[in-house]
Structure formats: structure tokens, C-alpha cells
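Take a look at the letters that make up each chain.
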Amino acid sequence: MLKEVIHGDIGESYVKAVHSSGLKIYILEKPQYNSCYAIFGTKYGSIDTTFSVNGETTSVPEGIAHFLEHKLFESEDGDAFTKYAKTGAYANAFTSFDKTCYLFSCSNLFYDNLEILLSFVQSPYFTQATVEKEQGIIGQEIRMYDDSPAWRVMFNMLLSMYKNHPVRIDIAGTTDSIAKIDADLLYKCYNTFYNPSNMFLCIAGNVETDKILKMVEGGIKESKPLEIERIKPEEPEEVLKSEVSQNLAVAQPMFCFGYKLPYEKMPSVKDRVCIEILLEVIAGDCSPLYKKLMNEGLINDDFSFEHFCGDGYNAVIFEGDSCDPKAVAEEIKAEIERIKNDGINKKLFSAIRSGLYGSAIRSFNSVESCAMQFVDCAMNDTSLFDELKYLKSVTMESVLKRLALLDSEKTVLSVINPLKED
Amino acid sequence: MSNKIIPLSDGVEGLFIQNHRFNTTSVSFNFYLPMQKSTVANNALLPFILTSCSKDYPDFTALNLKLSKLYGARLDSSCEKYGDCQLLRMTISVIDDKFSFDSDSLVLEASELLLKLVFNPNAENGEFKANDVEREKRKAIEHIRGEIAEKRVYAKNRMISEMFEGTPYGIPKCGTVSDVENVTVKSLYSAWCNMLETAFVRVHVVGGAVPQGLFENIKERFEAVNRHDITDCRICKPAQKTAKVNTVFEKMDVKQGKIVMGFSSDIYGDDDMSLPLLVMCDIFGGGPYSRLFTNVREKMSLCYYCAASSVRYKGLLTVDSGVEVENAGKAIDEILNQLEIMKKGEFSDSEFESSIKSICDSMKTYYDSQNSLDLWYALKVNNQNLYSPEDIIEKIKNITKEDVIYAARGVNLHTVYKLLPKEGVIC
């Protein structure tokens, strides 16, 4: 197994290894800790609706990656949760736009739990009867999300921002789309995307690296790496429509205001750090815009922002509750134009950079956070310490360069309004 | 010195929870006051206004800039229910000095900042500043009204308010919208004075060391205050049994219904009294191996989630579930059926052992989270003994199946709250 040790300058170091099957393994030892966190994941999410392997193209129903995640817990010899129950671990899984992850955390019997994890994720078992049962459960999950204003405000925005890209699809699908899923389709998706060369194992906590690598050596099924072509339709640079709204049971309007950024390739660590700083400069809690919006009663403590990016999609999103979302959107636009003209205040930039550096250091406190950061490293082929390193040297000029990506002609304002009273 | 209470003043204690594994040190102020309708809203606003500005930083963005310069020092504030008390928390957490570029004394500076925020608010002549009060009132009102968007939380809070109507625990933790609207610059200032004078206070430091002189400074500050009628956190009335179950319906524009069931428990109180209830609740509805998950969700597919939780010092057990309207009646019947199974002891040894393992496992993880460790001790002030997570693990290991059955037999349905779609038959 290829193995390298990567050192940071904050007293942490980790091992990255690659199994002969292509599986990537990341391990950060934290001997002072009681707990361990392990994630076994695949680069397969809701956006992977059309793919080609060995020249054969397949299109699958929406929501199948999430459906598969639910079903994988059942094996022929029983349920994974039953096995974890005997060891006392906390286990869960999630599917997002571009990945599916199976995880556990524990403070005892780590290697027993790792064996369970490696075993059940590599043991698919789907029958028509179990598929039908799951359709009922997932149908209820979909209805739970349909009622969730926070979920709807984001997905309505994505539907309006992206004309063709499957990021606009609901991760769980719809009750109609999941009705089309059968055992054969599940096996097809599993055999494509759950090939170890497309997967990663990320571990942080009170563990021994060599012991893990020995387990993994013999614990991954033999397979040949697969070349997967992920087919995405052409996506125009423009948004589909600039405003969308829906009425749900909320007390005051919720909003999601997004800028669609150009996409040529996956944003690098430098891109992401610069955009993170830029967002703080524009609307962080030290910024003039934040002060204005708060003093005018236009935002509250739920106001937030993020850089949202993945294979084929790139956006910055501002979210919150407001009595006047349109006014918030106009103020954000105006502030971005002002910064384009006036530049960035030096003191503000310096304070933000120190703040983000401190937050990056803080993130190493948590084994869960470290394991999740490893997932990001696996997905983007980066190092755990890249962000910290770049934060020490990033310049205001680099941040300002990224400001040009924000085009006020390519924005979407999604609003959830309160229900009209009868 | 660590994990031992350090008396600082009348009703003021310090606690140093030594833990070298983190890159940060945190300091928290915990104020315990009686939960009362007349004071709840003023008290609830205090942590938020005190951590937004101060005499030295009258502008909240100036304070936030200072925190950013302190390498992203984090200020958190909250208001929680604790027994029949209101718990007001203000915490600062900062990376350790060794990570700073310029050898700054980050931990000392951050802890002094928090001390000044608590004791030197942006106030004059017996009043807070009007614009600060209006801002915090607006945010509080929006937060209270916004609860309706989180249906699971909304439904749980509604059940609590029904089950504990007329008692302190039934009061919403931040008051109602009308309570907040009645807060004034003067009433808030009086609440701040009252907090310093009468609250039971516990100051926690979690990290490698106590910042130099911190506990001495706190002692000095409180000795200058006229302390009197200190809150007694041990006063906590448990949930009362009822002869007739109270069932409440509410209809909203939702697609999925919510059911929340409140049960009273004969076992309640501090750790020494109530740990069997913790284990019983876990086997009943704690995790994916529990009776509710495996039966109500997995076998019968009646719901997407169905989980139990307990508030041991109140003798309260809650089951909450997301269901389709047509399944609501069946789900309730099955939940009660599973409770009967617990009372008869018809759960397996392996379910019992899984629960013990899972609880012990999760107790150990407290040591790996600074926030969790801080909160653990903040929720132990009405316990006779200050047990650590390790202490609780030892006690859990001594609990028997019979203890769990006994705990289950003392659990009785009190209130059922149903949030249902506007269309459809109530069942």
C-alpha cells in the first residue's frame, strides 16, 4: 500500500494511503482523545443521474443514491444497526449532492466497528420486497422535507438558478421518481459507484494507523478500478429566473439569495479561501453591511452565507429571515458594487484573516470535524493543512480578484412567505 | 485543582475542568434564576444584550472585530430551562496562546473581555441604550415567532406547555411575544442588577489552565455586589401523574403530522435517583436498536422518526414522531404497546446490554468536546454530588434489568399533542 505522512505546523500530522484497489485512506491519530470517528464514503450523490462505463450510458431515477444509502444497511445476514448495537457505537449515514457517507463514532471497540462498517458497505443486498418497504419510509422523509421551509427555500433557489444541472434535483427525489427504483437499478448503481477506486475511508481519533492499514489491506474486496464518465448536460451561465417564492407555515419571510458563479473546473483551495474571506468582508459580522442590515431590522442572528460548489456548480448563497428579503438582496448587491469601486478596508481584511485562521485551528478540536475535512480532501485531492497554510499568506489582491466573479445579472432570490390568512 | 468546586462568594462558585486535548480554552458564566412569568423575558434577553456590546465596545461590529482579531474568539449566549430555573449562559472560547503569530496572551485577554461584558454593560443612569434593547427585542420576537417553521421543535414545545400548564416548566424559556414586547430599557437594567445580586452563579474554565487571576477577579467583582436571596437550584417539582390523559389537536398547513406524547415518571431527580430512567428511555426509544425505532418505524413503517428522550430531574419522558395522518392512531397504539412490553420486562438481554454499552460509550465522548463538557457540569448544579461522565459510567454499569423494569412501571401517559394537516380526519 502506498503510504505518506503529511505534517502540519500546528503539532498535527496524518497518514494518507492508497490501497491496491484505488481506495484512498486518511488517518489522523489523536491519542489523547477517547473517541474515534470513521467515514467510509463514495463519490456518488444526487447529481450523478447519468453516467457511462465501458461505453454504456445509464440514466437513473432521481433520489436513487439516497435510496441506496438507506438499503445498504440491510444485508442478507441482518441489519448493520443490530451489529453496531452490540458494540455501542453511534452509526449513521448521509447522502448529499456529490457523495454518500457511512459513518460511526465510538469510544470502545473501534476495530470491531470498523469491521462492521467495511463489511456492510461492501455487501449489497436488495430485493423487491425490501425496496417496496423503503419506498414507504422514504416517501415519509420526502414529505417531511416538503414541509421544511429551510429545505424548500434552498431547493427553490437551485431550481431557478440551474436550468439543466442535476444539482437542482431534490436529494431524496420525489415519491414518483422513487417509485421507479427497483433492485436491478440499485445493483447497477452500486456496482458502478461503490467500486473502491471511487471511495475513501477517513478516520480520526484514538486509533493506531498500522493496525487500521492492516485491516483494510485484507478487508477490501478485490476489484478492478472503474473509469466512470459522469455525464452532465450543458449548463448556461445565466440563471433560469431571478425570483421565486412559495408560501409555507413561517412567521416571517425566509430567503436564499444566490449568485451563480462561472464554472470551468472545481474551485481550488485558494479559490475557496479567497471566496470565504470575500464573503466575510461583504456580509460578515464585522462588516458595514451587517451593521446596516441589523440596525435597520432587516436580518437577525440566523443570517449566514456559504460558498456552494461541486462538480459543475459554483455559487455563493446568503440566507436568513427578513421582513423584506428584496431589500436585503438590493443591499448585498450595492455593497458588492461599492467594494468593487472602493476596495477592502485593510484592518477588516487583517482581522478576518486572523479570525478564519483561528477557526481553522479550532476545527482540529473535533474528531468528527477532522474526519469530515478528510472527506473534502478525498473529494478534491487536497491536503488537510492547505487552508491553514494559505491563510498565512493570502493577500487582499487575491481576494479582490474573485470579486469579479459576482455578477448581479446572475442572481436568484428565493423567498418563502408566510401563508395568507383565510 | 480541577473538577473541584471553588467557592468564590455567596452563591458564586468556580469550577476548573482540566483538559489538555483541545486547541482552545473556554470560560463560561452560568446564572441560575427562578423561572417566573413576570421575569422570564427580561432575563432571557440578558445573555444576548450583554454579549452584543459593552461600555468598551458600544457598537456590536466593533466587538465582533475585536473577537476576529483575537483569532476568531467565539462568544456564545443562550437561555435554557433547568428544572424550575432559567439558566442564562455566556461563554467565550479562544485558541491557545501558542498558536498566535505574535505570542499574544489570547486566553487572558478573552477571559477579561467576558468579565467586562458581564459587569460593564453599555448602560447609563439605570437604563440600557434604547437602540440595543430594541434590536435584541426584535430578534427575540422573531425567534419566538420563527419556532413555527421548525415543526418538530414547535410540536415538542407545545406539548410541554400543555403538560406543565400553570407551572414554571410550562413557561416558554424566553417568554411569549407579549412578554418580550413589555421589556423596557429600565426593566432590563433591573433584571441585570437582579441577576448579579440573586442568581446562583457558576463560572467554568475548560482547558489546560485557568487564566491568571481570573477566579480572584470574579471574587472581587461579586464581593462588591449586594448578594441576597440566592436562587435555590434544587427546587424542582416533578411531573404529576394524571387520572385522565389530556389530548390536544392543532391543525396547520403541513404534509406530515407530528405526535408528541408526554409521560410522567415516578423515578426522577438527581443522578443517584434517576439513572434507571435514562437506561429505560434509551432501550425504549433511544437509538436505531430501540423498541420504537425497530418496531414503529422499521417493522410497521408507520413513521420516518420515532424517538424517546427524558428530562430526569423533572420526571418527564417524551416520545416524538413524524407520521402520516392515517397512521397516527396506529402509531400511538404501538408506542403504548411497546411501553407495556417494557413494563412486563419483555425486552431481551441483548437490547439491555446494547443500551448500557451505547450510553457508556457516549459518556466517554463528553471528554472530547469542550462545549459538551462545559454544559455537562452546568446541568449538575442541583445534584447532590458533582459526578463526572466517568462516574456516571460506573453507576450505569451497576444498573440491572430489574431496575429498568421498575423505572418503566412508573412511566404513565399524561399528555398527547397532535399537529395535523388541515385536510384529513383526526384519528
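Heads up: the structure comes first, above all this text.
Quick caveat: nothing in here was measured; it's all calculated off a predicted structure. (Residues numbered from 1 in each chain as written. Chains lettered and ligands numbered in written order. Predicted model: local features only at pLDDT ≥ 70, side-chain atom pairs only at ≥ 80, totals over all residues. Heavy atoms only, no water.)

Section: the sheet that holds strand 13 (residues 411-421) of chain B
All names here are of chain B.
Turning to step 1, where the next piece is worked out: Spatially, the five strands line up as an open sheet ordered 9-13-10-12-11, and their pairing is mixed. Looking along the sheet, the strands with just one partner apiece sit at the ends: strand 9 (246-252) and strand 11 (303-311). Across the sheet, the mean angle from the axis of one strand to that of its neighbour is 15°, orientation sign disregarded.
Turning to step 2, where the next piece is worked out: For strand 9 and strand 13, the ladder comprises seven bridges, and the chain directions are parallel. Pairing of Thr247 across the sheet is with Val416, part of strand 13.
Turning to step 3, where the next piece is worked out: Along the sheet face, helix 5 (residues 151-163) touches strand 9, strand 10 (257-265), strand 11, strand 12 (316-323) and strand 13 and points at about 40° away from the line of strand 10. (Pairing = 2+ DSSP bridges. Helix = DSSP H or I, 4+ residues; strand = E, 2+ residues; numbered from the N terminus. Axes fitted to C-alpha atoms, helices over the stretch in contact; angles between N-to-C directions. Contact = heavy atoms within 4.5 Å.)

Overview of the nonpolar core
One broad trend across soluble globular proteins is that nonpolar side chains are buried collectively.
Turning to step 1, where the next piece is worked out: B:Phe31, B:Met195 and B:Met280 are the most contacted members of the largest nonpolar core, which has 185 residues in total.
Turning to step 2, where the next piece is worked out: Looking at which element gives the most residues to this core, the answer is helix 9 (residues 269-283) of chain A, with ten residues.
Turning to step 3, where the next piece is worked out: Those residues in contact with B:Met280 that lie beyond four places of it in its chain are B:Leu317, B:Leu339, B:Met342, B:Val404, B:Ala407, B:Ala408 and B:Val411.
Turning to step 4, where the next piece is worked out: If you look at the next biggest cluster of nonpolar residues, it comprises 57 residues, including A:Val60, A:Cys106, A:Leu117 and A:Val216. (Core = buried A, V, L, I, M, F, W, Y, C linked by side-chain atoms within 4.5 Å. Buried < 20%, exposed > 50% of the residue type's maximum accessible area, 1.4 Å probe, protein only.)

Some thoughts on the environment of B:Asn337
Turning to step 1, where the next piece is worked out: When you line up the elements, B:Asn337 lands in helix 11 (residues 328-344).
Turning to step 2, where the next piece is worked out: Each C-alpha atom of the pair B:Asn337 and B:Leu292 lies 9.9 Å from the other, and the pair is 45 residues apart in sequence.

What about helix 7 (residues 183-193) of chain A?
Turning to step 1, where the next piece is worked out: Of the residues making up helix 7 of chain A, those classed as buried are A:Ala183, A:Leu185, A:Leu186, A:Cys189, A:Tyr190, A:Thr192 and A:Phe193.
Turning to step 2, where the next piece is worked out: Backbone nitrogen of A:Asp184 and a side-chain oxygen of the N-cap are separated by 3.2 Å at the start of helix 7 of chain A; the cap is A:Asp182. (Polar contact = N/O pair within 3.5 Å; in protein donor to acceptor, adjacent residues only side chain to side chain.)

What about the sheet that holds strand 11 (residues 199-205) of chain A?
All names here are of chain A.
Turning to step 1, where the next piece is worked out: One open sheet holds the seven strands; their spatial order is 1-2-3-11-4-10-9, and the pairing between them is mixed. A strand with exactly one partner marks an edge of an open sheet, and here the two such strands are strand 1 (2-7) and strand 9 (90-95). Going across the sheet, the axis of each strand differs from the next one's by a mean of 15°, ignoring polarity.
Turning to step 2, where the next piece is worked out: Two elements, strand 2 (residues 13-18) and strand 3 (residues 24-29), share five bridges in a ladder whose sense is antiparallel.

Don't take any of this as a statement about function, it's just geometry.
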